[in-house]
Amino acid sequence: MSFIHVIIPCYNVEKYLEQAVYSVLNQPGKEIDIVLVDDGSPGRTPQLCDEIAAKEKRVHVIHKPNGGVSSARNVGIDHVLQQYAGSLAGHYIAFLDGDDTWEKDFMCAAVTGKLAEGFDLVGYQSCVCDANLHRKETPNRIAQEGTLCGGADHVWDHSTQSFAAMFYACSLLREYQIRFQEGLRYSEDKIFSMRCMYLADRIYLENRPMYLYRIIGGSAMTSRTFGIPYFLPIIDGYLRLDEQMQPYANSSHGKLMAAKHCVRHYIMDMIDEHFQQGRPKAQIDALLAERTEFVDALTASNAFADSEPDPRYLRYCSSPRNYILKQRILGVLVHTKRRIKRILK
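These lines cover the structure that appears in this document, whether it is placed above or below.

### A closer look at a nonpolar patch on the surface
Okay, so step 1: Residues Leu325, Ile329, Leu330 and Leu333 make up a contiguous nonpolar surface patch of about 370 Å² in total accessible area.
Okay, so step 2: Tracing the backbone through its elements, the reader meets Leu333 in helix 12 (residues 320-344).

### Focus: the packing of helix 6 (residues 188-199) against helix 7 (residues 228-245)
Okay, so step 1: At a minimum axis distance of 10 Å, the contact between helix 6 and helix 7 shows a crossing angle of 20 degrees. What the angle tells us is that helix 6 and helix 7 run roughly parallel. When the axes of helix 6 and helix 7 are compared, the crossing they make is right-handed. Residue-level contacts link Lys190, Ile191, Met194, Arg195, Tyr198 and Leu199 of helix 6 to Gly237, Tyr238, Leu241, Gln244 and Met245 of helix 7.
Okay, so step 2: Residues belonging to the contact of helix 6 with helix 7 are distributed by class as follows: seven nonpolar, two polar and two charged.

### Some points on the pairing of strand 8 (residues 166-169)
Okay, so step 1: Residues Met166 and Tyr168 line one face of strand 8 and the alternating positions Phe167 and Ala169 line the opposite face, and both faces are buried.
Okay, so step 2: Of the pairings in the sheet, the one linking strand 4 (residues 91-95) to strand 8 comprises two bridges and is antiparallel in character. Counted as the bridge partner of Tyr92 is Ala169 from strand 8.
Okay, so step 3: In this structure, strand 6 (residues 121-129) lies alongside strand 8, joined through three bridges in antiparallel fashion. When the sheet's bridge partners are listed, Gly123 is paired in strand 8 with Met166.

Calculation notes
- Residue indices begin from 1 for each chain and proceed along its sequence in written order.
- Local features in this predicted model are restricted to residues whose pLDDT is 70 or higher, and side-chain atom pairs enter the listing and the counts only when it is 80 or higher, whereas totals over whole chains, interfaces and linings include all residues.
- To obtain the side-chain values, all non-hydrogen atoms of the structure were used and water was disregarded.
- Surface patches are drawn from residues lacking salt bridges whose relative accessible area is over 30%; two like charges belong together within 9 Å, two nonpolar side chains (Val, Leu, Ile, Met, Phe, Trp, Tyr) within 5 Å.
- Residue burial considers only the protein chains on display, and all accessible areas are found by Shrake-Rupley using a 1.4 Å probe.
- For this document, the term salt bridge refers to a Lys or Arg side-chain nitrogen within 4 Å of an Asp or Glu carboxyl oxygen.
- Elements are defined by DSSP. Helices are runs of H or I of four residues or more, strands are runs of E of two residues or more, and each kind is numbered from the N terminus.
- Helix axes use the C-alpha atoms of the stretch in contact, all axes being lines fitted to C-alpha atoms, and the angles between their N-to-C directions lie in the range 0 to 180 degrees.
- Convention used here: angles under 35 degrees read as roughly parallel, angles over 145 as roughly antiparallel, angles from 65 to 115 as roughly perpendicular, and any remaining angle as oblique.
- By definition, any crossing whose near helix is turned counterclockwise from its far helix by less than a right angle is left-handed, and any crossing with a clockwise turn is right-handed.
- Note on definitions: a residue-residue contact is assigned when non-hydrogen atoms from the two residues lie within 4.5 Å.
- Polarity classes work like this: nonpolar for Ala, Val, Leu, Ile, Met, Phe, Trp, Tyr, Cys and Pro, charged for Asp, Glu, Lys and Arg, and polar for all others, with Gly in that last group.
- For every residue, the accessible area (1.4 Å probe, protein chains only) is compared with the maximum for its type, and the residue is labelled buried under 20%, exposed over 50%, or partly exposed between those bounds.
- Here, strands pair whenever DSSP counts at least two bridges between them.

Now the structure itself:
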């Protein structure tokens, strides 16, 4: 038998929190509990957490100072691992944001049966929804279903889905001390997922909708900054991931090249968006002069010698003026499209 611990970070989610909680508690499978982590939220969220826990024996609350969503998830992980330290076999952790929900009746016998087989990771589909949880599009399909072995060749196999459409074996998180990188506002979930997919031995993936991801106006991704301030922490996050995973590069896991690929990709996305925003070349020049590892990543030099040069960077170096001009034009087109979309609303 397996047991699921659902960690819900809570910050200003009083409008949706009960819907999130009961989407889990009302599942057919009852071997589930919830850890609500109040991340120093203002408003009624802390009180609502306590009110729900007072009514529901399967709901536990942790109150902590504000530290961000990664910190809240990590506190939840530590709580579960400490509580069941002597008997983690069969225990899984899942993550649910306080404004999202699980699909109704998802925890059927087929799902609980798969969890009982002892996989390190068991992953399903996520669905993008509007504020009222109406599906905005057909869920992306998982290309490779069934039982996988994990490692470098499989880190992308669940990447079309939310990281939260996954059950994570407590034993995996404890063995490799897997946690979220704190301080990251974006991509912390993708980095966490990539680390788990790389280190896992046995993975099961299936095209079955599990997680309903609600898009609302004030979410992190719909209100992000642009250019260097947005991309720099993400790039540093993947650099840390690459460094942390190097000791595990062996015949079992293979060599993780995906983190280097992401570093290279996001550096160029940062440069492109910087120019699309009409910002000066001098800032990019100064950044690349200061962060020489970025140039190494783009030119496949030194620590990145085992990767490939980035074709966009080669085009940029061969004709900076033309490259910047194209990005400026693209930026105007994107900005105009956004304005028209706002007007039509």
